Amino acid sequence: MNTPATSEASARTVPSACPLDCPDACSLEVTVRDGRVVSVGGSEANPVTAGYICAKVRRFPEHVHGSARIPHPGIRVGKKGEGRFRRASWDEALELVARKMLAVRDTRGGEGILPFSYGGSNGYLSQDTTDARLFFRLGASRLARTVCAAPSATAARGLYGKMTGIPLPDYVHAKLIVLWGVNPSVSGIHLVPYIQEAQKRGAWLVVVDPRRTRMAERADLYLPVRPGTDLPLALSVIRWLFANGRADHAFLAAHATGAEELERRASSWTFERAAEETGLNAAEIERFARLYADSRPAAIRCGWGVERSRSGGSATAAILSLPAIAGKFGVRGGGYTMSNSPAWREIDGMAGAGASAPSTREINMNRLGETLAIRGKDSVDLLFVYNSNALMTAPAQEKVRAGLRREDLFTVVFDPVLTDTARYADVVLPATTFLERRELSRGYGSLVLQDAPAVIEPVGQARPNHEVFGELCRRTGVWREGDLESADELARALLASSGRAGELSARLSGGGVASPIEGASPIQFVDAFPKTSDRKVHLFPADLDAETPSGLYTYLPDPGTAAFPLALISPASDRTISSTLGELHTAAAALEMHPSDAQARGIRDGEAVRVYNTLGEVRCSVRLSTAIKPGVVFLPKGLWSHNTASGTTASALAPDTLADLGGGACFNDARVEVAPASTA
Ligand code: SF4
């Protein structure tokens, strides 16, 4: 049983682990004084953390003890969106929620209830345990968690059965590193020193990104690709490898299927044709192809920027196929890294649920606004949001807002802080942060599992997720004898599902870390192999071809129009983790724009502008910069309403169309126009 630090005069340091939506999964040292968290820093327990953490989580004490915390349960007294609540006891609030759940189930059917959650915590204990049990047993609609990583996970599963990728420390061994649609300077920062060390040892760095990021500044070759055109770029490299005798046919014969069909689908993508789509020039694409073919070990770090567009699933698949075609596996520092979470496939993430998913309808979270607009027999009448700030993170923000304003929609928001979504709730419930409860979490970059105790008592009346959903199981009458309820019981069940609970528990005790079954440092095709049925790379998986509306590796043209020609991107920033910690960042956001685009529109640096399309409008200031490609504009991901003059963010301009694989979001398909605010 883990015991939180108790009130005391002198400070003490407690081990913890960061479960937030970031690949690095840092091990932490948390200093507690008088029952309050006073500082959060990195420890050495996870070697990748190496004693330091990002500036975002260094501010976590302000999050834990800040004025935005929801102090106690609340019941709405104002209009939806005003964020005015009267104080309620947990008993009153949970009784009301349970009564509403039963009323919806008994009148409209369980599918009238929609649970909505994503990566507010990536911990095993705060998602898919008692929450899943409650919603499964009520027969609620099921949520497809697709706002991020769905196309890339689908591609990685189809090609490799989600093979474990290159461990982050092994990037020091690479002679060529390709950062494709990823910006580790702001997100997943612990990769940066390994890249720098590799560069010191003579490695080449290639960065593919529409924005000249800090890593792009340090690159030997920077490819400022137009958003959504990664697929033509990757296919042109594939075509060249096959056409110029640079494909590793021996590797393909022994370890891959589908190479011929992939070669055929890439065959029309000359460098010249790819240059037209990507906005690059053919010579620099050829330089990239030659560099990649000539380098060994060569590492591709594929990020989540690639998947966020209409052809994003195919683009990710094409990028992940490159190491197989060019024979880059089998050496330390060679291959690819996408998400490393499948390294922990030995743990059944649903082991704590104690219930299986019903055959109810599945709702794609990227269509939340559309879903809430459905009325009549298929309507959602009760929305339960947790681990998510849906209004700020889902596409088509104004559709979501319209849904949340529905008077006949009963909305519950369970969160540590009063988010923009919580302002629309009928009932708000205060959740603990990860420092106020036990959490078991695994990295999806660094290959570690960690078990972090609560370091302080819950702040105010906050309660952990597993406890609140367990209580709702009881109050709705779906509780069953033998249900696991405490964090310790749930953690035991999750570890037991691995088949090596004893070993993992021993390694995790006292703030330690455990490695996955393939070890802390697997080499692809030496220690880690495809988890496909035949242990081969499937370069043209039939199921993926069938899933993509126009066929796998088919490029769909740019959605820009004469009215809305500018591509809006909204990548991660160094301020928030998705939208988590957004309450701490109240500075006004600025749209980044190339001076040539501004001049064409009569816009001056620092001026107030409106960024708009048919879905919505964002009002903010503009910052002119040559770091952004002409034709592209940039607003950071994770903004809150207080960051813009209009209270809207980039999500208001993002379409709710879906990527070609996995039902993923298409944030990078937002096409907009920008005008001085004074012209409206
Ligand atoms: S957000 Fe990432 S870098 Fe920051 S502390 Fe958490 S795991 Fe580490």
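Above this text sits the structure in question.
A few points on the structure. (Residues numbered from 1 in each chain as written. Predicted model: local features only at pLDDT ≥ 70, side-chain atom pairs only at ≥ 80, totals over all residues. Heavy atoms only, no water.)

**Some words on the overall build of the protein**
Alright, step 1. Looking only at helices and strands, the protein features 21 helices and 27 strands.
Alright, step 2. Each principal axis of the C-alpha distribution contributes one length, and for the protein these read about 70 × 65 × 50 Å.
Alright, step 3. Looking at the protein as a whole, 63% of its 680 residues are labelled buried.
Alright, step 4. The long-range share in the protein, meaning contacts at least 24 apart out of those at least 6 apart in sequence, stands at 76%.
Alright, step 5. Here the protein holds 76 positive side-chain charges and 74 negative ones, and the gap between their average locations is 2 Å. (Helix = DSSP H or I, 4+ residues; strand = E, 2+ residues; numbered from the N terminus. Buried < 20%, exposed > 50% of the residue type's maximum accessible area, 1.4 Å probe, protein only. Contact = heavy atoms within 4.5 Å. Lys, Arg positive; Asp, Glu negative; His and termini not counted. Charge placed at Lys NZ, Arg CZ, Asp CG, Glu CD.)

**Let's talk about empty space enclosed by the protein**
Alright, step 1. The tally for this structure, following the rule as stated, stands at 4 cavities of 30 Å³ or more.
Alright, step 2. Counted as a void, the largest cavity has a volume near 50 Å³.
Alright, step 3. For the largest cavity, the full set of lining residues is Pro15, Ser16, Ala17, Gln450, Asp451, Ala452, Gly511 and Gly512.
Alright, step 4. Among the elements of the structure, β1 (12-17) and β19 (449-452) are those that each provide at least two residues to the lining of the largest cavity.
Alright, step 5. Its residues assigned to classes, the lining of the largest cavity comprises 3 nonpolar, 4 polar and 1 charged. (1 Å grid on protein atoms, 1.4 Å probe; cavity = no way out; pocket = protein on both sides within 12 Å on 5 of 7 lines; lining within 4 Å. Points joined across faces, edges and corners; volume = space filled by probe spheres on them. Nonpolar A, V, L, I, M, F, W, Y, C, P; charged D, E, K, R; others polar.)

**Digging into the site of the ligand**
Alright, step 1. Inspection of the region around the ligand gives Cys18, Cys22, Asp24, Ala25, Cys26, Ile53, Cys54, Val57, His190 and Ile577 as its neighbouring residues.
Alright, step 2. When grouped by side-chain class, the residues that make up the shell around the ligand number 8 nonpolar, 1 polar and 1 charged. (Near = heavy atom within 4 Å.)

**Structural notes on unusual backbone geometry**
Note: most residues except glycine have negative phi, and most peptide bonds are trans.
Alright, step 1. The peptide bond linking arginine 296 to proline 297 adopts the cis configuration, its omega dihedral lying at 0°.
Alright, step 2. In this fold, proline 297 is placed in the loop between α12 (282-294) and β12 (298-302).
Alright, step 3. Phi at alanine 25 is positive, roughly 50°, even though this residue is not glycine.
Alright, step 4. With respect to the helices and strands, the residue alanine 25 is situated in the loop between β1 and β2 (27-33).

**Regarding the side chain of serine 625**
Alright, step 1. Along the chain, serine 625 falls in the loop between β25 (617-624) and β26 (632-634).
Alright, step 2. Its relative accessible area of 16% is what places serine 625 among the buried residues.
Alright, step 3. At a separation of 2.9 Å, a polar atom in the side chain of serine 625 contacts the main-chain amide nitrogen of alanine 627.
Alright, step 4. The residues contacting serine 625, other than those within four sequence positions of it, are Glu592, Met593, His594 and Pro595. (Polar contact = N/O pair within 3.5 Å; in protein donor to acceptor, adjacent residues only side chain to side chain.)

**Some details on the pairing of β25**
Alright, step 1. Note: strand β23 (residues 590-593) against β25, 4 bridges, orientation parallel. Bridging across to β25, leucine 591 finds its partner in valine 622.
Alright, step 2. Two strands pair when backbone bridges link them, and strand β24 (residues 608-612) and β25 are joined in this way by 5 bridges, in the antiparallel orientation. Each bridged residue has a counterpart across the sheet, and for tyrosine 612 the counterpart in β25 is glutamate 617.
Alright, step 3. Connecting the antiparallel pair β24 and β25 is a turn made up of 4 residues. (Pairing = 2+ DSSP bridges.)

**Let's talk about the sheet that holds strand β3 (residues 36-42)**
Either a parallel or an antiparallel arrangement is found when strands of a sheet pair, and the pairing is made through backbone hydrogen bonds.
Alright, step 1. Overall, antiparallel pairing links the 3 strands, which are arranged β1-β2-β3 in an open sheet. Since the sheet does not close on itself, it has two edges, and those belong to β1 and β3, each with one partner. Neighbour to neighbour, the strand axes of the sheet diverge by 30° on average, direction disregarded.
Alright, step 2. For β1 and β2, the ladder comprises 6 bridges, and the chain directions are antiparallel. Bridged to arginine 12 within β2 is valine 32. (Axes fitted to C-alpha atoms, helices over the stretch in contact; angles between N-to-C directions.)

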